[in-house]
Amino acid sequence: MKRVLPLVFALASLACATTPAPAPVAAPIAVAAPADCDPGLTLLNASLWVQTAAEYRASALQTFRGAQRGLDATLDNPFATGALEETSNDPSQPPAVILDLDETILDNSAFEARMIREHKTYEGKAWKQWTSEGAARAIPGAKEFLAYAKSRGVTIFYVTNRDVDEEAGTRANLEKLGFPLETNVDTLLMQGKNGWTTGDKSPRRAHVAAKYRILLLLGDDLNDFAPASGKTLAERNAIVDGVRSWWGETWFILPNPMYGSWERAVIGSGATPCEAVQRKIDGMRID
């Protein structure tokens, strides 16, 4: 957000005179009116980091490498479970892994770059255009992990909050990247399918758990693992700490500094884009 200098007033010097008189005050220095904030710039560092930083690549590779080890461990333990919705622990069920799509295996940082150039953070119409193109790249390590899981006889389910009208472009994107898709069972569980009208992914995870033994969950947002919508910052941390032993064992999270439900926990609702920027600033610790 641009910084605006405070208004400065200049005082005229008093002329030496035998009879003192009030000095005239000079007209205030003209200062340009504050420009509107540029919400898109809040995405700049985060999106650039995802696109260019070796540290981001290392983080993603590390996560998928850990997930592969976690997969081996849960396959070796017929009673291991990787989801809160998994209640039967039935070792006779076929194994499955559930993954989110965006910023978990699909890199949408190019879409964020478009928004930055348009001075926005998000626009629904532009997002639909992006998903229809099927142009997202693979997150580093994703393809190798999915190929390994497939080779171990694990069914991959993609649970995404992309709308059902985005399915064609999404499916084409997955196929182009060589990600496994089953032909005899629907493994692409979009929002809006089968009565799944909300962003809560719990019913879709339960749908998978009814017939499969869920080994792992992978995502970039807390809602990919447990219901966290509308939770406060403290409540979100409590969810994480409540299943501390699962992280890095059966739950694996990818870094996404660009957007997510963590933002809404900070800024709340009903804010304009520029108000949201200020609420983020106000929400930062300074000690």
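Below, the structure is looked at part by part.

Reading guide: rules and limits
Every residue gets a number counted from 1 within its own chain, in the order that chain's sequence is written. Local features in this predicted model are restricted to residues whose pLDDT is 70 or higher, and side-chain atom pairs enter the listing and the counts only when it is 80 or higher, whereas totals over whole chains, interfaces and linings include all residues. With hydrogens and water set aside, each side-chain value is computed from the structure's full complement of heavy atoms. Each aromatic pair joins two rings of Phe, Tyr and Trp (for Trp, the six-membered one) with centres within 6.5 Å, and gets the label stacked for planes under 30 degrees apart, edge-to-face for over 60, and tilted for any other angle. When accessible area is computed with a 1.4 Å probe and restricted to protein chains, residues below 20% of their type maximum are described as buried, those above 50% as exposed, and intermediate ones as partly exposed. Following DSSP output, two strands are said to pair if at least two bridges run between them. Going along the chain from the N terminus, every DSSP run of H or I of four or more residues is numbered as a helix, and every run of E of two or more is numbered as a strand. Angles here are taken between N-to-C directions and fall from 0 to 180 degrees, while the axes themselves are lines fitted to C-alpha atoms, restricted in helices to the stretch in contact. The criterion used for residue contact is that any of the two residues' heavy atoms lie within 4.5 Å. A pocket here means an open set of points on a 1 Å grid, computed over the protein atoms alone, that has protein on both sides within 12 Å along at least five of seven lines. A cavity is instead a set of points where a 1.4 Å probe fits but cannot get out; residues with an atom within 4 Å of a point line either one. Grid points are joined across faces, edges and corners, and a volume is the space filled by probe spheres set on the points.

### Comments concerning the packing of aromatic side chains
Scanning the entire structure with this criterion turns up nine aromatic pairs. The interplanar angle of 80° and the centroid separation of 5.2 Å between the aromatic rings of Trp 247 and Trp 251 together place this pair among those described as edge-to-face. Look at Trp 247 and you get partly exposed, because its relative accessible area is 22%.

### Section: the sheet that holds strand S6 (residues 213–219)
Sheet architecture is open: five strands sit in the order S5-S4-S1-S6-S7, paired in parallel fashion. The open sheet terminates on both sides in strands that have one partner only, identified here as strand S5 (188–191) and strand S7 (251–253). Across the sheet, the mean angle separating the axes of adjacent strands is 20° when strand polarity is ignored. Bridging between strand S1 (residues 95–99) and S6 involves five bridges; their strand directions are parallel. Paired with Leu 99 across the two strands is Leu 218, which belongs to S6. On top of the sheet, helix H7 (residues 202–209) reaches S1, strand S4 (155–163), S5 and S6; it is set at about 155° to S5, its chief contact.

### Let's talk about the layout of surface pockets
In this structure, the largest pocket encloses a volume near 1,100 Å³. Taken together, 43 residues form the lining of the largest pocket, with Tyr 122, Tyr 259, Gly 260, Ser 261 and Arg 264 sitting closest to its centre. Contributions of two or more residues to the lining of the largest pocket are made by helix H3 (109–117), helix H4 (124–133), S4, helix H9 (261–267) and helix H10 (273–282).

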